[in-house]
Amino acid sequence: MSKSFDVVVIGGGPGGYIAAIRAAQLGFKVACAESHSYDDPKGEPRLGGTCLNVGCIPSKALLASSEEFEKIGHHAADHGIKVGPISIDSQKMLARKDDIVTKMTGGIQYLFRKNKITLLKGHASFEGKTTEGFQVKIDGKDQETVTAKNVIIATGSKARHLPGIPVDNVLICDNEGALKFDSTPKTLGVIGAGVIGLELGSVWRRIGSKVTILEAMPSFLGACDQGIAKEAQKLLSKQGLLINTGVKIGEVKTDKKGVVVHYTDSAGKAAKLECDRLIVSVGRIPNTENLCLDKIGLTVDERGFIPIDDHTCSTAVPGVYAVGDVVRGPMLAHKAEDEGVLVAEIIAGQKPHIDYNCIPWVIYTDPEIAWVGKTEEQLIAAGIAYKPGQFPFAANGRALGMGRSDGFIKILADAKTDEILGVHIIGANASDLIAEAAVAMEFKAAAEDIARICHPHPSLSEVMREAALATDSRALNM
Ligand code: FAD
Ligand code: NAI
């Protein structure tokens, strides 16, 4: 007889492993299938998904190392600190990143044991449905079929590649190869000035690469508030990232020297970029192949995503849910996690809710870029009258003390009700500062609420309060 579970989760990334833990906390008998071994030395499937293995965590580890290098090399002198010539051991930097990844993925294994979650090692696919539940086949070192009353599909996404540009993850890399260059490339090309292009481009620029980014769209960071995007383009270009927008990529060739990218620039002129390595970061596509969805009567949409009910993440087949990168919405780890919790609670009969308007975004460049809610462009397009309030970090004592005076916070409040509709930050620690804005928006706070809350002095958070005051033209320190 096959093993049977209340809940089988397919995929051990942030959507899947968090769903499994929450379901176990709620008293269900839970299993979670994972097939990818990433860089595991024993070739065993590793938990944590894209986020822990080849995404959020390793990229932030490299960003932190490269930031330290840049601080010591370029900013220590501002503080009167004298240092001699510095160099970076990129192998050690990568080893540090790998240690962090191993610690984190091992941590999830511990959490699985603690919560009595069965790890099914191998590729999961549907075989069909009987009166007992869904039959899920696991193809690993051994083969088995398990039965599940409920299935949560959390299979995530993979890098989108471009036709005619074969990724070998040595010379031409997606996120997986770009996180483990064995040496610092002298010249690095990046196709796509999105989140990955800017974050990983920044890592390698800081430690010595000349980085050129080729972006198809005429505008920079189109999804961002354009005031923030303009400031970001100015600051990142000043740091040395060469950002070319409005290009059309042509033929890409590799030879002994590296990679040659032929493209047409924004003026329509033929151009070429010669680089030691190339990162292709042009978005991600959902993982749905070989899941045999047809065996339970499920299909994907025209972009490969699994269609779900917007509020419950349930698919067209009762008892089957889908969360994270494999469904609509932002491809973010915290969004995947929240959906994982939501589904586990729905299976338990609870009535959870996610306000997608309150999901924060962060781009971990320096300075960081973070936002929640609507941009000015979205409010104008929707015909919503709003009051902007902006305050610069340059007028904040803590920011000056830290030598981090670049950027600003902008709050957009409803012109009639004063409700906060969007908050946009470019500046130091934006990833932490945005949490206050997300809390405020979840509680439907007004700009006046933030303006009246006592913020610690001196702290960067005072910029948030001043921006709130500025929506009513009464900033105090400007
Ligand atoms: P995934 O993390 O992709 O996990 C899905 C898992 O399912 C994978 O391990 C896969 O092997 C497994 N799987 C797939 N099919 C099967 C199957 N049939 N059987 C068994 N297992 C299967 N997001 C942020 O919020 N902040 C960041 O700073 C951030 N940085 C990023 C940096 C990079 C370089 C990248 C690439 C992404 C980053 N992201 C970040 C995005 C984030 O990683 C994803 O949004 C998140 O991992 C999605 O979680 P998920 O659980 O839906 O899918
Ligand atoms: P992206 O969607 O952020 O950016 C892709 C960029 O490539 C866009 O600017 C797009 O216009 C451009 N592009 C597309 N086709 C092109 C072409 N043919 N030629 C030139 N440019 C082209 O995708 P990216 O950077 O690959 O990241 C994927 C996703 O991973 C992100 O959208 C995000 O959801 C997630 N992520 C999140 C991070 C974070 O939260 N800090 C960090 C990294 C990734």
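Residues numbered from 1 in each chain as written. Chains lettered and ligands numbered in written order. Predicted model: local features only at pLDDT ≥ 70, side-chain atom pairs only at ≥ 80, totals over all residues. Heavy atoms only, no water.

Asker: How should I be thinking about the site of ligand 1 in this particular structure?
Answerer: Taken together, the neighbourhood of ligand 1 is formed by 39 residues, with Gly15, Glu34, Tyr38, Thr50 and Lys60 sitting nearest. Within the backbone of Cys51, an N or O atom sits 3.3 Å from an oxygen atom of ligand 1. Relative to its free-state accessible area of 990 Å², ligand 1 is covered by the protein chains to the extent of 93%. Listed by contribution, the elements that provide at least two residues to the shell around ligand 1 are α1 (14–25), β2 (30–34), α2 (49–54), α3 (56–75), β4 (123–130) and α8 (333–347). No other element matches α2, which puts 4 residues into the shell around ligand 1. Split into classes, the residues belonging to the shell around ligand 1 amount to 16 nonpolar, 19 polar and 4 charged. (Near = heavy atom within 4 Å. Polar contact = N/O pair within 3.5 Å; in protein donor to acceptor, adjacent residues only side chain to side chain. Areas by Shrake-Rupley, 256 points an atom, 1.4 Å probe, with all protein chains shown as cover. Helix = DSSP H or I, 4+ residues; strand = E, 2+ residues; numbered from the N terminus. Nonpolar A, V, L, I, M, F, W, Y, C, P; charged D, E, K, R; others polar.)

Asker: Is there a simple way to think about the pairing of strand β21 (residues 408–414) in this case?
Answerer: Each regular strand shows side chains that alternate between the opposite faces of the sheet. Within β21, 7 of the 7 residues are buried, which leaves it mostly tucked inside the rest of the structure. Side chains Phe408, Lys410, Leu412 and Asp414 of β21 all project onto a buried face; the interleaved residues Ile409, Ile411 and Ala413 project onto the opposite face, where all are buried too. Where strand β20 (residues 386–392) and β21 come together, 7 bridges link them in antiparallel fashion. In the strand pairing of β21, Lys387 is matched with Ala413. As paired elements, β21 and strand β22 (residues 420–427) share 6 bridges and run antiparallel to each other. Looking at β22, one finds that Ile411 is bridged to Val423. Once β21 ends, the chain turns through 5 residues before running back antiparallel as β22, passing Asp418 with a positive phi of about 75°. (Buried < 20%, exposed > 50% of the residue type's maximum accessible area, 1.4 Å probe, protein only. Pairing = 2+ DSSP bridges.)

Asker: Looking at this structure, I do not really get the domain arrangement of the protein chain. What am I missing?
Answerer: Size of an interface, as often reported, equals the accessible area lost when the parts are brought together. Annotation of the protein chain at the domain level lists domain 1 (4–159 + 285–354), domain 2 (172–282) and domain 3 (358–470). Summarising the inter-unit geometry, the C-alpha centres of domain 1 and domain 3 are found 31 Å apart. Listed per partner, the contact involves 9 residues of domain 1 and 7 residues of domain 3. Of the roughly 690 Å² buried between domain 1 and domain 3 on both sides combined, carbon and sulfur atoms contribute 70%. Linking domain 1 with domain 3 are 0 salt bridges. Here domain 1 is connected to domain 3 by 1 residue pair in polar contact (both at pLDDT 80 or more). Mapped onto the side of domain 1 that touches domain 3, the elements with two or more residues apiece are α3 and α8. Among the elements that line the side of domain 1 that touches domain 3, the one with the most residues is α3, at 3 residues. Taken together, the residues of the side of domain 1 that touches domain 3 sort by class into 4 nonpolar, 2 polar and 3 charged. (Domains from an automatic or database assignment. Contact = heavy atoms within 4.5 Å. Buried area = accessible area lost by both parts, 1.4 Å probe. Salt bridge = Lys/Arg side-chain N within 4 Å of Asp/Glu carboxyl O.)

Asker: Looking at this structure, how should I read helix α7 (residues 226–239)?
Answerer: Because the α-helix completes a turn every 3.6 residues, residues three or four places apart line up on one side. For α7, with 14 residues, the first-to-last C-alpha span of 20 Å sits near the 20 Å given by 1.5 Å per residue. Listed as buried for α7 are Ile228, Ala229, Glu231, Ala232, Leu235 and Leu236. The buried residues of α7 occupy an angular sector of 165° when projected down its axis, which confines them to one face. Of the residues in α7, the exposed ones pointing more than 90 degrees away from the buried face are Lys230 and Lys238. On the buried face of α7, the contacting elements are α6 (195–206), β11 (242–244), β19 (368–373), β21 and β22. Its side-chain oxygen at 3.0 Å from the backbone nitrogen of Gly227, Asp225 defines the N-terminal cap of α7. One or two positions beyond α7, positive phi appears at Gly240, with a value near 120°. (Expected span 1.5 Å × (residues − 1). Arc of directions from axis to C-beta.)

Asker: Before we go on, may I ask you to explain the site of ligand 2 in this structure?
Answerer: Lining the immediate surroundings of ligand 2 are 24 residues, of which Ile196, Glu199, Glu215, Met331 and Val362 lie closest. Separating an oxygen atom of ligand 2 from a backbone N or O atom of Gly283 is a distance of 2.9 Å. Within the backbone of Val362, one N or O atom sits 2.7 Å away from a nitrogen atom of ligand 2. When ligand 2 sits alone it has 840 Å² of accessible area, and the protein chains cover 77% of it.

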